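Here is how the chains run, residue by residue.
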Amino acid sequence: MEEQELEQLATTRAVKPTNYILIFLESLIVLACILFFVNSASISVNVVHGESMQPTLYENDKGVTVSYDGQELSRYDFVIAAIELNGTNELIVKRLIGLPGDHVVIKNNCLYINGVETSEPYLATQMCTDDLDVCVPKDCYFLLGDNRSISYDSRYFGCLPDTCIMGKFYPITHTQD
């Protein structure tokens, strides 16, 4: 009886050559889908420079950026934007605060979006900034750094057109000092 069970086990676990072909074809299809997604999404790796996003992101933190091609962006997304700084084009990482059509107000160091006071748990300390009142134009975004005391952001360069948004930034490493 024991020999019969072993033979039965061996025949049920045997992989037929046609199964290898199917596994190979399935693997090729999965690989083709991955390559198509990577090529169509234009994924790149970016490095954080400076301290404007601390305590959330630190100098030399790395992240994956999925290029912006008109997909919907959400409030509080990290984005990579292209701005002109000292006569050169620079890529910056900022937090998306204001969407097209939003009314953004900073008053007495509190952030209001469309008249509603907004909690910002990602800030390390009480925000200390000048009062501001901005209506975000159509096809534009309002960006802020998490380290408001030193961040060069939409408070200084204004709302950015969507053509300046390079993509969503997804942190993958964290190198806190």
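Everything discussed here concerns the structure shown above.
Residues numbered from 1 in each chain as written. Predicted model: local features only at pLDDT ≥ 70, side-chain atom pairs only at ≥ 80, totals over all residues. Heavy atoms only, no water.

Peer 1: How do you make sense of the pattern of salt bridges when you look at a structure like this?
Peer 2: Two side chains of opposite charge can pair, provided their charged atoms sit close to one another. All chains considered together, the criterion is met by 5 salt bridges. The salt bridge involving K168 is made with D77; its shortest N-O contact spans 3.6 Å. Of this pair, K168 sits in strand β11 (residues 165–171) while D77 is found in the loop between β2 (62–67) and β3 (78–85), placing the two residues 91 residues apart along the sequence. Owing to a relative accessible area of 15%, K168 belongs among the buried residues under this scheme. Since its relative accessible area comes to 17%, D77 is described here as buried. For R148, the salt bridge is made with E120, and the minimal N-O distance between the two is 2.6 Å. With R148 in the loop between β9 (140–144) and α3 (154–157) and E120 in the loop between β7 (116–118) and β8 (132–135), this pair connects stretches of sequence that are 28 residues apart. The buried category is assigned to R148, whose relative accessible area is 4%. With relative accessibility at 12%, the residue E120 sits in the buried group. (Salt bridge = Lys/Arg side-chain N within 4 Å of Asp/Glu carboxyl O. Helix = DSSP H or I, 4+ residues; strand = E, 2+ residues; numbered from the N terminus. Buried < 20%, exposed > 50% of the residue type's maximum accessible area, 1.4 Å probe, protein only.)

Peer 1: For this particular structure, what's the right way to read the side chain of D102?
Peer 2: Relative to the helices and strands, D102 resides in the loop between β4 (88–98) and β5 (103–107). Side-chain polar atoms of D102 contact the backbone nitrogen of L99, separated by 2.8 Å. Setting aside residues up to four positions removed in sequence, D102 forms contacts with R75, I97, I113, N114, V134, C135 and V136. (Polar contact = N/O pair within 3.5 Å; in protein donor to acceptor, adjacent residues only side chain to side chain. Contact = heavy atoms within 4.5 Å.)

Peer 1: I keep staring at the side chain of D153 and nothing clicks. Help me out?
Peer 2: Within the secondary structure, D153 is located in the loop between β9 and α3. A polar contact of 3.1 Å, which involves the side chain of D153, links it to the backbone nitrogen of G145. Leaving out residues up to four positions away in the same chain, D153 has contacts with K94, L143, L144, G145 and G158.

Peer 1: Any chance you could explain the environment of H49 here in plain terms?
Peer 2: Summarising the element assignment, H49 is placed in the loop between β1 (43–47) and β2. When the C-alpha positions of H49 and N60 are compared, they lie 6.1 Å apart, and in sequence the two are 11 residues distant.

Peer 1: I tried to follow the pairing of β3 on my own but got confused; where do I start?
Peer 2: Regular strands show a simple pattern: their side chains alternate between the two faces of the sheet. Note: β3 against β4, 8 bridges, orientation antiparallel. In the strand pairing of β4, F78 is matched with R95. Between β3 and β4, which pair antiparallel one after the other, the connecting turn spans 2 residues, and N86 there sits at a positive phi close to 55°. The pairing of β3 with β11 spans 3 bridges and is classified as antiparallel. Residue V79 lies in a different strand from β11, and its bridge partner there is K168. (Pairing = 2+ DSSP bridges.)

Peer 1: What exactly am I supposed to notice about the environment of L160 here?
Peer 2: Secondary-structure assignment places L160 in strand β10 (residues 160–161). Each C-alpha atom, one on L160 and one on F142, is 6.5 Å from the other, the two residues being 18 residues apart in sequence. Excluding anything up to four places from it in sequence, L160 contacts A81, I83, D139, C140, Y141 and L143.

Everything listed here is a matter of geometry and, on its own, says nothing about what the molecule does.
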